[in-house]
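So the chains spell out like this:
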Amino acid sequence: MCNNTLKLSIRIKTTVKLFIGFVKKSEEQYVITRGYFIGEIIDELANIANQVDNRCKLGLTDLNKYLEDFFKEILNILLGIHLENLNNERSNAPGLDLGDSVNNKAFQITSEKTSTKINNTLKTVLDNKITVYNKIFILIIGYKQKSYTEDEELWGKFNFKEENIWDINTLCKKAIELPLDKLQAIHQYIKQEVVRVKIELEIPNQEGEFSTSIKNYVEPIAKPNFNENALKVYYEYHINKFGGDYYSMDDIQQAFDFLAKELAKLPRITREFYAFLLERRDENSLEEAHGGKFYYRFNEDRLKRICRYSDIDGEIRLLTKHEFIHWDHPTPIDEEYYTGWAESSYRICILGDSKSYTYDNFIVDLVDFIDNKNIGYQKLIVNIDFSDF
């Protein structure tokens, strides 16, 4: 009995130690998580404030609607209110940008921090007899002055005080006091939108261009590179290999021109995928289709096992659309007797024709040339460089 009691006591002590350890670890994790969220929020808002400050130094004090909406969402989470952008209906609230008529709160969002700006905002609200909001705040996207010269009569009408003038530091201080779920919500929103905010605040150079432009994210159009002597090398190889003079230099030039034009329509990654299909095609896979047209096979099951690229289907769709390949439906096993074909998976058919009317099966001949000359597919197919064979 004593032994059982001793064992139970040891188990209880062990359980208590584990529980205490778990609680301590959870508390540490909680502190680390809060610290991470707060640190990133402060850093991102400070970066925005610095960008706005740089704009103000150049006389660019305007803030567009996107910036107003960005801070609207942050304020809504911070305060648990439902501000709306009043600039959607500018005539209803001149001088104010954001308003919540239920909670009677409104904000002016500005990059200007002077007393003149504060007083002008309140005067505009007063002159337009806007009485819906009895709690007016000014949010400076930057940092406010140490003190303000108030218009006592004007400030008195709105019960406006210096505490109603907020800046980036105010937002950060209020964020620190939030419960973890709201802190995380603000963190996620800022991380999601901050790139767009920074782009909106960019300053153009003398030519009116911005450092962030869509052209920085768009792949340039490929420019094929030709050399007449290289095409002659191909022509001579073709004559020696197959005998006869079936195609002229003009036919070959036209075929290469057409291939280059079609390849240039594809993204680089798609050209790489096409080159990979040609290079790693099924062994002894050259097949003749109807009308004397040839194609190479690539078993799709094998493809998806040797290639871990995440968007194989997208590349196949693009290459199919541009008629470099097509899919062959799987042939069931029980049809082998009738078709002579036992494979029951999909086949990708790499077309051997360049769609040029003067040169049938040009791709087949080009693959033969590449393999025999050991040129590789990168230069010709991916780079579209036909300058040196």
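Scroll up for the structure.
First, a word on what this report is: a plain description of the structure on this page. (Residues numbered from 1 in each chain as written. Predicted model: local features only at pLDDT ≥ 70, side-chain atom pairs only at ≥ 80, totals over all residues. Heavy atoms only, no water.)

### Brief notes about unusual backbone geometry
Applied cut-off: Burial classes: relative accessible area under 20% of the type maximum marks a residue as buried, over 50% as exposed, and values in between as partly exposed (1.4 Å probe, protein chains only).
Here the phi dihedral of N104 falls at roughly 60°; this positive angle occurs in a residue that is not glycine. Looking at N104, the relative accessible area reads 26%, which means it is partly exposed. Look at E323: it is not a glycine, yet its phi comes out positive at around 60°. By relative accessible area, which is 43% here, E323 ends up partly exposed.

### Thoughts on the pairing of strand β3 (residues 105-110)
The line we're drawing: Where helices and strands are cited, they refer to DSSP runs of H or I of at least four residues and of E of at least two residues respectively, numbered from the N terminus. A pair of strands counts as paired when DSSP detects no fewer than two bridges linking them. Handedness of a crossover: with both strands directed away from the viewer, a clockwise path from the first strand across the helix to the second marks it as right-handed.
Burial analysis of β3 places six of its six residues in the buried class, which makes it a mostly covered element. Of the two faces of β3, the one lined by K105, F107 and I109 and the one lined by A106, Q108 and T110 are each fully buried. Taken together, the three bridges between strand β2 (residues 98-100) and β3 define a ladder with antiparallel strand orientation. By the bridge assignment, D100 is partnered in β3 with K105. Between β2 and β3, which follow one another and run antiparallel, lie four residues, and N104 among them has a positive phi close to 60°. For β3 and strand β4 (residues 135-140), the ladder comprises six bridges, and the chain directions are parallel. Bridge pairing in β4 places Q108 opposite I138. For the crossover from β3 across helix α3 (residues 115-127) to β4, the handedness is right-handed.

### Structural notes on the environment of M249
The following threshold applies: Between two residues, a contact is recorded if the distance between any of their heavy atoms is within 4.5 Å.
With respect to the helices and strands, the residue M249 is situated in helix α8 (residues 249-264). Residue M249 is classed as partly exposed on the basis of its relative accessible area of 22%. In this structure the C-alpha to C-alpha distance between M249 and E228, which are 21 residues apart in sequence, comes to 9.7 Å. Non-local contacts of M249, meaning those with residues more than four positions away in its chain, are made with L231, K232 and Y235.

### Concerning the packing of helix α2 (residues 65-79) against helix α6 (residues 180-200)
Threshold: Whenever a helix is involved, its axis is fitted only over the stretch in contact; in every case the axis is a line through C-alpha atoms, and angles between N-to-C directions fall within 0 to 180 degrees. What sets the label is the angle itself: under 35 degrees gives roughly parallel, over 145 gives roughly antiparallel, 65 to 115 gives roughly perpendicular, and the rest give oblique. Gly is placed with the polar residues, together with every amino acid not listed as nonpolar (Ala, Val, Leu, Ile, Met, Phe, Trp, Tyr, Cys and Pro) or charged (Asp, Glu, Lys and Arg).
Running from amino to carboxyl end, α2 crosses α6 at an angle of 170°, the nearest separation of the two axes being 10 Å. Judged on the interaxial angle alone, α6 and α2 are roughly antiparallel. Facing Y66, L67, D69, F70, E73, I74, I77 and L78 of α2, the residues of α6 in contact are K182, A185, I186, Y189, I190, E193, R196, V197 and E200. When its residues are assigned to classes, the contact of α2 with α6 shows 11 nonpolar, no polar and six charged.

### A word on the pattern of salt bridges
What counts here: By convention in these notes, a salt bridge is any Lys or Arg side-chain nitrogen within 4 Å of a carboxyl oxygen on Asp or Glu.
The full count for this structure, using the stated rule, is 15 salt bridges. Salt-bridge contacts for K304 lead to E300; the nearest nitrogen and oxygen are separated by 3.4 Å. Of the two residues, K304 and E300 both sit in helix α10 (residues 300-306), four residues apart, roughly one turn of that helix. Owing to a relative accessible area of 9%, E300 belongs among the buried residues under this scheme. Via salt bridges that share partners, E40, E44, K191 and K198 belong to a single interconnected network.

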